[in-house]
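A closer look at the structure
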Amino acid sequence: VQLQASGGGLVQAGGSLRLSCAYSGRTFSNYVMGWFRQAPGKDREFVAGITGSGGTTSYGDSVKGRFTVSRDNAKNTVYLQMDSLKPEDTAVYYCAADRNYYVISRYSVYYNYWGQGTQVTVSS
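What this report covers is the structure whose coordinates are included nearby. (Residues numbered from 1 in each chain as written. Predicted model: local features only at pLDDT ≥ 70, side-chain atom pairs only at ≥ 80, totals over all residues. Heavy atoms only, no water.)

**Regarding the nonpolar core**
Operational definition: For our purposes a nonpolar core is just a set of buried Ala, Val, Leu, Ile, Met, Phe, Trp, Tyr and Cys residues, chained together by side-chain atoms within 4.5 Å. Buried residues are those whose accessible area, probed at 1.4 Å on protein chains only, stays under 20% of the maximum for their type, while exposed residues exceed 50% and partly exposed ones sit between those limits. Only DSSP runs of H or I covering at least 4 residues are called helices, and only runs of E covering at least 2 are called strands; the numbering of each starts at the N terminus. Contacts are assigned to residue pairs that have any heavy atoms within 4.5 Å of one another.
Formed by 29 residues in total, the largest nonpolar core has its most connected members in M33, W35, L80, M82 and Y93. Among the elements of the structure, strand 1 (2-6), strand 3 (17-24), strand 4 (32-38), strand 5 (45-50), strand 7 (67-72), strand 8 (77-82), strand 9 (91-98) and strand 11 (118-123) are those that each provide at least two residues to this core. Not counting chain neighbours up to four residues away, the residues in contact with M33 comprise L3, C21, F28, A48, G49, I50, R71, V78, A96, A97 and Y111. Counting residues in hydrophobic clusters, the runner-up holds six residues, among them V32, F36, A96 and I104.

**Let's talk about the packing of aromatic side chains**
The condition that has to hold: Aromatic rings from Phe, Tyr and Trp, with only the six-membered ring used for Trp, were paired whenever their centres fell within 6.5 Å, and each pair was classed as stacked if the ring planes differed by under 30 degrees, edge-to-face if by over 60, and tilted otherwise. As a reminder, the over-ring test applies to NZ of lysine and CZ of arginine, requiring each to be within 6 Å of the ring centre and within 35 degrees of the ring normal.
This model, assessed by the stated rule, comprises nine aromatic pairs. Centre to centre, the rings of Y107 and Y110 are 6.5 Å apart; their planes meet at 70°, and the pair counts as edge-to-face. Take Y107 and Y110: they sit in the same class, and that class is exposed. Aromatic ring contacts, followed pair by pair, group F36, F46, Y94, Y111 and W114 into a single cluster. Geometry around Y94 places R44 over its ring, the cationic atom sitting 4.0 Å from the centre. The ring of W114 is capped by R44, whose NZ or CZ atom sits 4.8 Å from the centre of that ring.

**As for the pattern of salt bridges**
For clarity, the threshold we go by: What counts as a salt bridge is simple: a side-chain nitrogen of Lys or Arg found within 4 Å of a carboxyl oxygen of Asp or Glu.
Enumeration according to the criterion identifies four salt bridges in this entry. The salt bridge partner of E45 is R37, with a shortest N-O separation of 2.8 Å. By relative accessible area, R37 is classed as buried at 6%. Salt-bridge contacts for R37 lead to D89; the nearest nitrogen and oxygen are separated by 2.9 Å. Of this pair, R37 sits in strand 4 while D89 is found in the loop between strand 8 and strand 9, placing the two residues 52 residues apart along the sequence.

**As for the side chain of T77**
Here is the rule we go by: Identification of polar contacts relies on pairs of N or O atoms within 3.5 Å, with a donor-acceptor requirement for protein atoms, meaning one able to donate a hydrogen and the other able to accept it, and with residues adjacent in sequence counted only if both atoms are side-chain atoms.
With respect to the secondary-structure elements, T77 resides in strand 8. By relative accessible area, which is 11% here, T77 ends up buried. Reaching out from T77, the side chain makes a polar contact with the backbone oxygen of K75 at a distance of 2.8 Å. Apart from residues lying up to four places away in sequence, T77 is in contact with S20, C21, A22, F28, R71 and D72.

**Comments concerning the state of the cysteines**
Cut-off, in case you're wondering: Throughout, disulfides are identified as pairs of cysteine sulfur atoms within 2.5 Å of each other.
Per the counting criterion, the structure on display carries one disulfide. Here C21 is linked by a disulfide to C95, with a sulfur-sulfur distance of 2.1 Å. Note on the C21 and C95 pair: the S-S dihedral is about 60°, so by sign convention the disulfide is right-handed. With C21 in strand 3 and C95 in strand 9, the pair connects residues that are 74 residues apart, well separated along the chain. Assessed through its relative accessible area of 0%, C21 is described here as buried.

**Topic: the sheet that holds strand 3**
Rule in force here: DSSP-based pairing: two strands are paired if at least 2 bridges between them are found. Axis geometry follows a simple rule: fit a line to the C-alpha atoms, using only the stretch in contact for helices, then measure angles between N-to-C directions, giving values from 0 to 180 degrees.
With antiparallel pairing, the four strands of this open sheet are ordered in space as 1-3-8-7. What marks the edges here is a single partner per strand, and that holds for strand 1 and strand 7. Taken pair by pair, the neighbouring strands of this sheet meet at an average axis angle of 15°, ignoring direction.

Structural measurements only, silent on function.
Right, here's the structure in full:
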C-alpha cells in the first residue's frame, strides 16, 4: 500500500484548501482512511476519518464544522476540504489507512499505512 498526499500550501486565515490522498495497493474500499496533523512541538492529532464505504465520518473537535472528509472509491482517493482556516490549523497533514474498514479510530497507532505528509500554513 502506498499513499501520496498533496494539496497543501500557504493560505490566509479564513481561506480554504483541499487536500487529496491517492492510494495504491489492495482494494481501497476495504480501508478506513484518516487524516492527522502534526504541528511543531506537538503530538500528532486526529483530524478526520471516513469508513470504507464513505457512509460514516468522524472529526476532531477542533475542526468540526469547518473540515469535510470524503472519498471516491472509483479513483482510490480521499479528500479533506478545509474551510474557514485558522492559523492554529498550521501543521503537516498526513493521510493514513487502517485495514479495519468500518470503525474509525482516532488513534494513530491503529493505522497501518501512512503518506508522506503535506504542509499547510495559515497566515493571520
